[in-house]
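# Architecture and fold: a report
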Amino acid sequence: MNVKIDDSWKKHLSQEFEKEYFKSLVEFVKEEYTTQRVFPPGGLIFNAFNKCPLSKLKVVIIGQDPYHGIGQANGLCFSVSDGIPFPPSLKNIFKEIKSDLNTEIPKSGNLERWAEQGVLLLNATLTVRAHQAGSHQNKGWEEFTDETIRVVSREKESVVFILWGAFAQKKAELINPHKHLILKSAHPSPFSADRGFFGNKHFSKTNDYLVEKGKEAIKW
């Protein structure tokens, strides 16, 4: 099966594309895009992988579902395209960056600038129906993205995994803690940001670790 994904990822994930669960997932997703309004646009489903090749990867941030509002999802977790108002979680992420690093809040919520520096912005589920959160969960995406996390843990050294909220924190069992830095806190959602997301200093902690390991810091 020919999935359009960066070659550095394809090398390690191509066996997934031949498995029955993935073939069923592809049929489901094709049918959904044909009969429903689905996000992100089809060409951006694997945007997180294509903007952040495995060879450049330094940081992984794990989300759950793409945004399901019109024009929001662009294939990168927590990110929106240029000109789209910031969703609440993204507003809180930018507030924490400002507090942590004493930088100004950016004009755009498009996080491609992070991805291009080596931040994999990975949703556990890569597609969603418009206005129906969680509508593509448990169809096979999670199996594929769990394997992605295992590949990063196995193939890379000294990666920072940023796990916000209970859902993302469950992914810690897929990561080798002796090789990588795992940062956990509450989710940036308005429902939980005051319970440990604000003040987590994950952005400075990430950069301190990268520099300590001889890597370039991320310009958040």
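You'll find the structure just up there.
The present account deals with the structure reproduced in this document. All of these numbers come straight from a predicted model, not from anything done at the bench. (Residues numbered from 1 in each chain as written. Predicted model: local features only at pLDDT ≥ 70, side-chain atom pairs only at ≥ 80, totals over all residues. Heavy atoms only, no water.)

## Side note on the overall build of the protein
Helix and strand counts for the protein stand at 8 helices and 6 strands. Ordered by position in the sequence, the α and β elements of the protein form the string α-α-β-α-β-α-α-β-β-α-β-α-β-α. Taken over the C-alpha trace, the protein has a radius of gyration of 17 Å; the compact-globule value for 220 residues is 17 Å, and the two agree within 12%. By its C-alpha atoms, the protein is 45 × 35 × 25 Å across when sized along the principal axes. The buried share of the protein, reckoned over its 220 residues, is 55%. Accessible surface, the protein as shown: approximately 10300 Å² in total, 50% of it carbon and sulfur. Separation between the mean location of the 30 positive side-chain charges and that of the 26 negative ones in the protein comes to 3 Å. (Helix = DSSP H or I, 4+ residues; strand = E, 2+ residues; numbered from the N terminus. Rg over C-alpha atoms; globule rule 2.2 N^0.38 Å. Buried < 20%, exposed > 50% of the residue type's maximum accessible area, 1.4 Å probe, protein only. Areas by Shrake-Rupley, 256 points an atom, 1.4 Å probe, with all protein chains shown as cover. Lys, Arg positive; Asp, Glu negative; His and termini not counted. Charge placed at Lys NZ, Arg CZ, Asp CG, Glu CD.)

## Focus: the pairing of strand 2 (residues 59-63)
Within strand 2, 5 of the 5 residues are buried, which leaves the element mostly enclosed by the surrounding structure. Where burial is concerned, the two faces of strand 2 agree: the one with Val59, Ile61 and Gly63 and the one with Val60 and Ile62 are both buried. Judged from the 5 bridges that link them, strand 2 and strand 3 (residues 119-123) form a sheet pairing that is parallel. When the sheet's bridge partners are listed, Val60 is paired in strand 3 with Leu120. For strand 2 and strand 5 (residues 160-164), the ladder comprises 4 bridges, and the chain directions are parallel. Bridging from a neighbouring strand, Ile62 pairs with Leu163 of strand 5. (Pairing = 2+ DSSP bridges.)

## Details of the packing of helix 1 (residues 7-17) against helix 6 (residues 141-155)
Describing two packed helices takes the angle between their axes plus the distance from one axis to the other. Close contact between helix 1 and helix 6 brings their axes to 11 Å; oriented N to C, the two are set at 145 degrees. Seen from above, helix 1 lies across helix 6 with right-handed handedness. Along the contact surface, helix 1 presents Trp9, His12, Leu13, Gln15, Glu16 and Phe17, while helix 6 presents Phe144, Glu147, Thr148, Val151, Val152 and Glu155. Of the residues in the contact of helix 1 with helix 6, the class split is 6 nonpolar, 3 polar and 3 charged. (Axes fitted to C-alpha atoms, helices over the stretch in contact; angles between N-to-C directions. Left-handed = near helix turned anticlockwise from the far one by under 90°. Contact = heavy atoms within 4.5 Å. Nonpolar A, V, L, I, M, F, W, Y, C, P; charged D, E, K, R; others polar.)

## Considerations on the environment of Ser8
With respect to the helices and strands, the residue Ser8 is situated in helix 1. When the C-alpha atoms of Ser8 and Ile70 are compared, they prove to be 31 Å apart, with 62 residues separating the residues in sequence. Excluding its chain neighbours within four sequence positions, the residues that come into contact with Ser8 are Pro53, Leu54 and Ser55. Within the local environment of Ser8, its side chain forms a polar contact with the side chain of Asp6, the two groups lying 2.5 Å apart. Looking at Ser8, its side chain comes within polar contact range of the main-chain nitrogen of Leu54, at 3.0 Å. (Polar contact = N/O pair within 3.5 Å; in protein donor to acceptor, adjacent residues only side chain to side chain.)

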